[in-house]
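Per-entry structural report
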Amino acid sequence: MPIINVSVTGRPDAALSASIAREVTELTAMHLRKDPTITAVAISYLDPQHWFAGGKSLAEHGAKTFWLDIKVVDGTNTKLELEAYLKAIFAAFGRMLGEMHEESYAFVHEVPAAAYGYGGKTQEFRFISGRLKAA
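As the structure is a prediction and not an experimental result, all values here were calculated from the model.

Notes on the overall build of the protein chain
Along the protein chain, the regular secondary structure elements total four helices and eight strands. Its helices and strands in sequence order give the protein chain the pattern β-α-β-β-β-α-β-α-β-β-β-α, from N to C terminus. Taking the principal axes of the C-alpha coordinates as reference, the protein chain spans close to 60 × 30 × 25 Å. Residues classed as buried in the protein chain amount to 35% of the 135 residues present. Restricting to contacts in the protein chain with at least 6 residues of sequence separation, those with at least 24 account for 77%. Entry remark: accessible area of the protein chain is about 7,900 Å², with carbon and sulfur atoms responsible for 57%. Measuring between centres, the 14 positive side-chain charges of the protein chain sit 7 Å from its 15 negative side-chain charges.

What follows is the structure, encoded as structure tokens:
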């Protein structure tokens, strides 16, 4: 159930967006055990002349970059899972984007279950409902 926002430098590219969404969804399922059927990925593109690292635009650096921002419920993943996920994400974007600037980022927000959900129900509600049904 994560929402994943990805920004990349370059012109909008439907084929690249589909590759990014597929790869990110698969890695999120594999490393963080998130259900791919309810994983949402939103991708935006930024002109490399308007993305700066170290005071220079990415156009000047002659490299591409990305920023991945994912929200998951706190306590659902271990530090080792998060570490493996971040490593896999960076490797995947390196394959998809090619020459990538070192200052590319991925950030996993761990948010409280009571403050996060979809379809009008929090993850806390889903957890409690599931436990009551199991009892």
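Right, picking up where we left off after that structure.
Considerations on the sheet that holds strand 1 (residues 3-9)
Strand order across the open sheet formed by four strands is 2-1-5-6, with mixed pairing between neighbours. Each edge of the sheet is formed by a strand with only one pairing partner; in this case those strands are strand 2 (40-46) and strand 6 (105-111). For this sheet, the mean angle separating the axes of adjacent strands, direction not counted, is 15°. The pairing of strand 1 with strand 5 (residues 66-73) spans six bridges and is antiparallel. Opposite N5, over in strand 5, you have D69 as the bridge partner. Packed onto the sheet, helix 1 (residues 14-32) meets strand 1, strand 2 and strand 5 and runs at close to 135° relative to strand 2.

Comments concerning the UniProt feature "domain: 4-oxalocrotonate tautomerase-like" (unreviewed entry) in the protein chain
The feature "domain: 4-oxalocrotonate tautomerase-like" (unreviewed entry), as given by UniProt, occupies residues 2-59 in the numbering adopted here. Annotated as 36% helix and 31% strand, the span residues 2-59 places its first and last C-alpha atoms 31 Å apart.

Things to note about the nonpolar core
Residues L68, Y85, I89 and F93 are the most contacted members of the largest nonpolar core, which totals 22 residues. If you list the elements that add at least two residues to this core, you get strand 1, helix 1, strand 5, helix 3 (79-97) and strand 6. Leaving out residues up to four positions away in the same chain, F93 has contacts with V6, V8, I20, V24, F66, L68, G98 and M100.

Here's the deal with unusual backbone geometry
Despite not being glycine, R33 shows a phi value in the positive range, around 60°. Mapping R33 onto the fold places it in the loop between helix 1 and strand 2. Its relative accessible area of 53% is what places R33 among the exposed residues.

Here's the deal with the side chain of T25
Examined against the element boundaries, T25 turns out to sit in helix 1. Look past the residues within four positions of T25 in its chain and what remains in contact with it is P36, T39 and V41.

Description of the pairing of strand 1
Looking down a regular strand, the side chains alternate between one sheet face and the other. Within strand 1, five of the seven residues are buried, which leaves it mostly tucked inside the rest of the structure. Across seven bridges, strand 1 lies against strand 2 in parallel orientation. Paired with V6 across the two strands is I43, which belongs to strand 2. Taking the sense of rotation as the criterion, the β-α-β connection linking strand 1, helix 1 and strand 2 turns out right-handed.

Looking at the pairing of strand 6
Bridging between strand 5 and strand 6 involves seven bridges; their strand directions are parallel. Paired with V72 across the two strands is E110, which belongs to strand 6. Crossover strand 5 to strand 6 through helix 3 is right-handed.

The rules behind the values
- Residues numbered from 1 in each chain as written.
- Predicted model: local features only at pLDDT ≥ 70, side-chain atom pairs only at ≥ 80, totals over all residues.
- Heavy atoms only, no water.
- Helix = DSSP H or I, 4+ residues; strand = E, 2+ residues; numbered from the N terminus.
- Buried < 20%, exposed > 50% of the residue type's maximum accessible area, 1.4 Å probe, protein only.
- Contact = heavy atoms within 4.5 Å.
- Areas by Shrake-Rupley, 256 points an atom, 1.4 Å probe, with all protein chains shown as cover.
- Lys, Arg positive; Asp, Glu negative; His and termini not counted.
- Charge placed at Lys NZ, Arg CZ, Asp CG, Glu CD.
- Pairing = 2+ DSSP bridges.
- Axes fitted to C-alpha atoms, helices over the stretch in contact; angles between N-to-C directions.
- UniProt positions renumbered as here; feature names shortened; annotations may be inferred.
- Core = buried A, V, L, I, M, F, W, Y, C linked by side-chain atoms within 4.5 Å.
- Right-handed = clockwise from strand over helix to strand, strands pointing away.

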